[in-house]
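Reading the structure
Single-letter residue listing:
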Amino acid sequence: MAHEKKLKKAPFGSLQPDVEDILSWNDLPQDAFSPASVDEKENFIQDRKSVSYWADAWRRLRKNVVAMVALGIIVLLALFAFVGPFFVPYTHSQQIRGSESLDPWHYSLEDQNRISAYMEEHNGVGLLTPEEAVAKAQAEAEAAGKTLTRAEIARIRAQANVNQQNSQEEQVTFEQAAAELGIRTQPFGYSRAELERKANGENVFPHVFGTDDLGRDSMVRIMVGARVSIIVGICAALLVLVIGAVYGSISGYCGGMVDTVMQRIVEMIYSIPEVLVILLLSATLKEGLAEFQNSGNGPLQNLVTLLGPNLISMFIAFGMLYWVTMSRIIRGQILQLKQQEYVTAARALGAKGGRIIKRHLLPNCIGQIVTTTFLQIPAAIFLESFLSFLGVGVSAPLTSLGSICSEGLSGLNSYPYRLLIPALILSILILSLNLFGDGLRDALDPRLKK
C-alpha cells in the first residue's frame with residue numbers, strides 16, 4: 001500500500017530532515033498514559049524550601065570560616081568583659097594591701113624561704129660590723145681564758161671590712177638565686193600573706209595577670225576596661241547609625257538642590273580633624289560640666305560624673321563628625337531604590353516621603369546599614385583607646401584598655417606584661433570585629449548570592 005511504502009532517506013550531507021525519524025516521535029508506548037504511582041508523584045517536582053533573606057545570609061556567613069572564627073573570638077571576649085567580673089572577688093578600683101606589684105607567677109613559701117636563705121648567705125646579710133666582730137672575738141677568747149692582742153683585733157677588724165665590701169659588690173638578686181637553686185615559678189600571682197592564708201586552708205582567688213603598683217588586680221581592670229571599650233564602641237555606632245541614616249535618606253530621596261547642599265556640608269565635615277574637635281570640646285565643656293555636676297544629685301549629674309568631660313566630648317564628636325560615611329552609603333542606596341516601581345506605586349497611592357523612606361527604602365538598605373554600623377564599632381573602640389592612651393579618654397574611676405596600656409607603658413622595662421596583655425586583647429578585639437564585619441558584608445550582599 002502507498003502509506004506503508006518506505007520513505008526515501010535523505011542523502012548524506014543533505015540539509016533535508018529525516019521525515020521517517022520525525023514521524024516515529026509520535027509512536028508512544030501503550031502504558032504512556034497510565035496513572036503515576038505515589039513515589040513518582042512525590043519525586044516529580046522537588047519543592048525548594050522557602051528561605052528568608054536573613055536565613056540565606058546566615059547560610060552564606062557560616063561558610064566563611066574566617067568570619068565564624070572571628071565571631072567565636074568576639075563572643076569569648078564579650079563573656080570575658082561582661083560576665084568575667086562576676087566570678088572575681090575583686091573590683092577594678094580595689095587596692096589590696098600587701099599585694100602591690102605582683103607578677104602573674106609566684107614562688108611557694110618553701111621556695112621563698114630557700115631563696116631568702118641563699119641570698120642571706122651570698123649577699124652578706126647577717127655579716128658583723130668591725131666592732132661587732134671584735135666584740136664577738138673577745139667574748140670567745142675570754143670564754144677560752146685567752147686575751148686578744150692588738151694585732152689580732154686589727155686583723156679581725158680588717159677582715160670584717162673586707163667581707164662587707166665584697167658583699168656590697170656582689171649582690172645576688174631574687175631571680176638569680178632562684179636560677180642557682182633550680183627553682184621554677186608557679187602560675188598566677190600571690191603575695192606572701194595570701195600564700196600563708198592559702199596554706200591555712202583558706203580559699204584565696206589568684207591574681208591571674210598580677211597586680212599594679214597600687215595593688216589592684218590587673219585581670220579585673222582589663223575585664224572592666226574591655227567592657228567600657230565595647231560599650232563605647234556600640235553606643236557610638238548606634239549614634240552614627242541614627243544620624244547617618246536620617247541624613248543620607250533625606251539627601252538621596254529629595255535630590256536636586258537639597259541633595260547638592262547637603263553633600264557640600266558632608267564634604268566640609270570630612271575636612272575637620274576629629275581628634276582636635278574632641279580636645280577642644282573637652283577643654284570647653286570641662287567647666288560647664290563641673291558646674292552641672294555640682295548642681296545636684298540627680299541621674300543626669302551622676303551620669304556626667306561617671307562619664308567625665310572627655311567621654312562626653314567624644315560622643316558629641318561622633319554625633320558631629322563620624323556619621324558622614326554612613327550618610328553617603330545610605331544616600332547611594334536611596335538614589336538607586338527610589339526609581340523602582342514599588343516606590344512609584346507608593347507615590348501614586350498618596351504616600352508621603354517620610355513613609356516611603358521608612359517603609360520602603362530603608363528596609364531595602366538593611367544589608368548596607370548593618371554592615372556599615374558593625375564596621376563602625378572597631379573604629380570607635382580604636383579612637384576611644386587612642387584618646388585614653390593619651391590621657392584624654394575615660395576619667396577615673398572608670399578604666400579602658402587604652403588607659404591600662406598607658407599605665408603599663410611607664411613600667412615597660414620592669415613589667416612588660418602590663419602593657420602587652422591589654423594591648424594584645426585590644427588588637428585581637430579590633431581585628432576580630434573587622435574580620436567579622438567583612439564576612440557580614442559579603443553575606444548580606446545580594447550580588448554575591450549563590
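As shown above, the structure is provided for reference.
Numbering of residues begins from 1 in every chain and follows the order in which that chain's sequence is written. pLDDT decides what is reported in this predicted model: residues at 70 or higher carry local features, side-chain atom pairs at 80 or more are listed and counted, and totals for whole chains, interfaces and linings draw on all residues regardless. Excluded from the side-chain calculations are hydrogens and water; all other atoms, namely the structure's heavy atoms, are used.

1. Quick word on the environment of Phe87
Looking at the element boundaries, Phe87 is found in the loop between helix 4 (65-82) and strand 1 (105-106). Exposure categories follow from relative accessible area, calculated using a 1.4 Å probe and restricted to protein chains: below 20% of the type maximum is buried, above 50% is exposed, and the middle band is partly exposed. Its relative accessible area of 62% is what places Phe87 among the exposed residues. A sequence separation of 133 residues divides Phe87 from Val220, and the C-alpha atoms of the two residues are 9.8 Å apart. Secondary structure elements follow DSSP: runs of H or I no shorter than four residues count as helices, runs of E no shorter than two count as strands, and numbering proceeds from the N terminus.

2. Here's the deal with the packing of helix 17 (residues 366-390) against helix 19 (residues 417-444)
Working convention: axes come from line fits to C-alpha atoms, limited for helices to the stretch in contact. Angles between N-to-C directions cover 0 to 180 degrees. At a minimum axis distance of 9 Å, the contact between helix 17 and helix 19 shows a crossing angle of 170°. The angle between helix 17 and helix 19 falls in the class roughly antiparallel. For the crossing formed where helix 17 meets helix 19, the hand is left-handed. On the side of helix 17, the interface is formed by Gly367, Val370, Thr371, Phe374, Leu375, Ile377, Pro378, Ile381, Phe382 and Ser385, while helix 19 contributes Leu426, Leu429, Ile430, Leu433, Asn434, Phe436, Gly437, Asp438, Leu440, Arg441 and Leu444. Three residue categories are used. Nonpolar comprises Ala, Val, Leu, Ile, Met, Phe, Trp, Tyr, Cys and Pro, charged comprises Asp, Glu, Lys and Arg, and polar comprises the others, including Gly. Residue composition of the contact of helix 17 with helix 19, by class: 14 nonpolar, five polar and two charged. Any angle between 65 and 115 degrees counts as roughly perpendicular, while under 35 counts as roughly parallel, over 145 as roughly antiparallel, and the rest as oblique. Each helix crossing is assigned a hand: it is left-handed if the near helix lies turned anticlockwise from the far helix by less than a right angle, otherwise right-handed if that turn is clockwise. Residue contacts are counted whenever heavy atoms from the two residues lie within 4.5 Å of one another.

3. Focus on the packing of aromatic side chains
How two aromatic rings sit relative to each other is given by the distance of their centres and the angle of their planes. Any Phe, Tyr or Trp ring, taking Trp's six-membered ring, that has another such ring centre within 6.5 Å forms a pair; planes under 30 degrees apart are called stacked, those over 60 apart edge-to-face, and the others tilted. In this structure the tally under the stated criterion is six aromatic pairs. Consider the rings of Tyr90 and Phe205, whose centres lie 6.3 Å apart with planes at 75°: the pair is edge-to-face. Here Tyr90, found in the loop between helix 4 and strand 1, pairs with Phe205, found in the loop between helix 9 (192-199) and helix 10 (218-254); they are 115 residues apart in sequence, far enough to count as distant. Overall, Phe205 belongs to the partly exposed group, its relative accessible area being 28%. Each ring, one from Trp105 and one from Tyr417, has its centre 5.7 Å from the other, and the planes form 70°; the classification is edge-to-face. Of this pair, Trp105 sits in strand 1 while Tyr417 sits in helix 19; the two residues are 312 residues apart in sequence, bridging distant segments of the chain. Of the aromatic side chains, those joined through ring pairs into one cluster are Trp105, Tyr415 and Tyr417. Geometrically, a lysine NZ or arginine CZ counts as sitting over a ring once it is within 6 Å of the ring centre and also within 35 degrees of the ring normal. The residue whose ring lies beneath Arg418 is Tyr415, and the NZ or CZ to ring-centre distance is 3.9 Å.

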